[in-house]
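So you can see what is in the structure, the chains are spelled out below.
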Amino acid sequence: RPTCIDAPRAWTVAHAGEILGRPRAISHSGNVKRVFRAKIGDHGVVLKASSANHTQDRSGGNLFLELAYLESLRGLPGVPELFGAWVDGCHV
């Protein structure tokens, strides 16, 4: 089991219950991730989920690396604001 670390302080969303309403799919499910439109508070957001069918990314490692990369670029022009992440079963 991976070691748990604290989320970055800027992340305010830590579980799916903070998403308002039902997320709407905005892309077809791919091999690695699914993409949805959702709301967190007054903010329209893009929600990404690891695909349950992806056999080479069982723990959501691809999404985790994408989050880490975007977090490292936080505040730069053109970089979307990250509100948070959570693990759902074995997926990010």
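Residues numbered from 1 in each chain as written. Predicted model: local features only at pLDDT ≥ 70, side-chain atom pairs only at ≥ 80, totals over all residues. Heavy atoms only, no water.

What follows is about the confidence of the model for the protein. In low-pLDDT segments, the atomic positions of the prediction should not be examined closely. For the protein, mean pLDDT is 78; residues scoring 70 or higher make up 73% of the total. Confidence scores differ between elements of the protein, with helix H1 (residues 61–72) showing the lowest mean pLDDT of 83 and strand S1 (residues 20–25) the highest of 88. (pLDDT = per-residue confidence, 0-100. Helix = DSSP H or I, 4+ residues; strand = E, 2+ residues; numbered from the N terminus.)

Across soluble globular proteins, nonpolar side chains have a tendency to be buried as a group. The biggest cluster of nonpolar side chains holds nine residues, and these are Val 13, Ile 19, Phe 36, Ala 38, Ile 40, Val 45, Leu 47, Ala 49 and Phe 83. Here Ile 40 is in contact with Val 13, Glu 18, Ile 19, Leu 20, Val 45 and Phe 83, once residues within four sequence places are set aside. Counting five residues, the second largest nonpolar core, distinct from the first, contains Leu 67, Leu 70, Val 79 and Leu 82. (Core = buried A, V, L, I, M, F, W, Y, C linked by side-chain atoms within 4.5 Å. Buried < 20%, exposed > 50% of the residue type's maximum accessible area, 1.4 Å probe, protein only. Contact = heavy atoms within 4.5 Å.)

Looking now at the side chain of Glu 71. Tracing the chain through its elements places Glu 71 in helix H1. Polar contacts involving the side chain of Glu 71 include one to the side chain of Trp 11, which spans 2.7 Å. Ignoring sequence-local partners within four residues, the contact set of Glu 71 consists of Pro 8, Trp 11 and Leu 82. (Polar contact = N/O pair within 3.5 Å; in protein donor to acceptor, adjacent residues only side chain to side chain.)

So, about the sheet that holds S1. In spatial order, the strands read S1-S2-S3; together these three strands make up an open sheet with antiparallel pairing. A strand with exactly one partner marks an edge of an open sheet, and here the two such strands are S1 and strand S3 (43–50). Geometrically, the sheet is characterised by an average inter-axis angle of 30° between neighbouring strands, direction not taken into account. Relative to strand S2 (residues 33–40), S1 runs antiparallel, the two being bridged by three bridges. Residue Ala 25 lies in a different strand from S2, and its bridge partner there is Phe 36. The strands touched by H1 within the sheet are S2 and S3, with S3 carrying the most contacts at an inclination of about 140°. (Pairing = 2+ DSSP bridges. Axes fitted to C-alpha atoms, helices over the stretch in contact; angles between N-to-C directions.)

So, on to the pattern of salt bridges. Using the criterion set out here, one finds two salt bridges in the structure. Here Lys 48 makes a salt bridge to Glu 66, at a shortest N to O gap of 2.5 Å. With Lys 48 in strand S3 and Glu 66 in helix H1, this residue pair connects regions lying 18 residues apart in the sequence. Relative accessible area serves as the criterion here: at 22%, Glu 66 is assigned to the partly exposed category. A salt bridge links Glu 71 to Arg 74; its shortest N-O distance comes to 2.8 Å. On the basis of relative accessible area, Arg 74 is assigned to the partly exposed category, the value being 33%. (Salt bridge = Lys/Arg side-chain N within 4 Å of Asp/Glu carboxyl O.)

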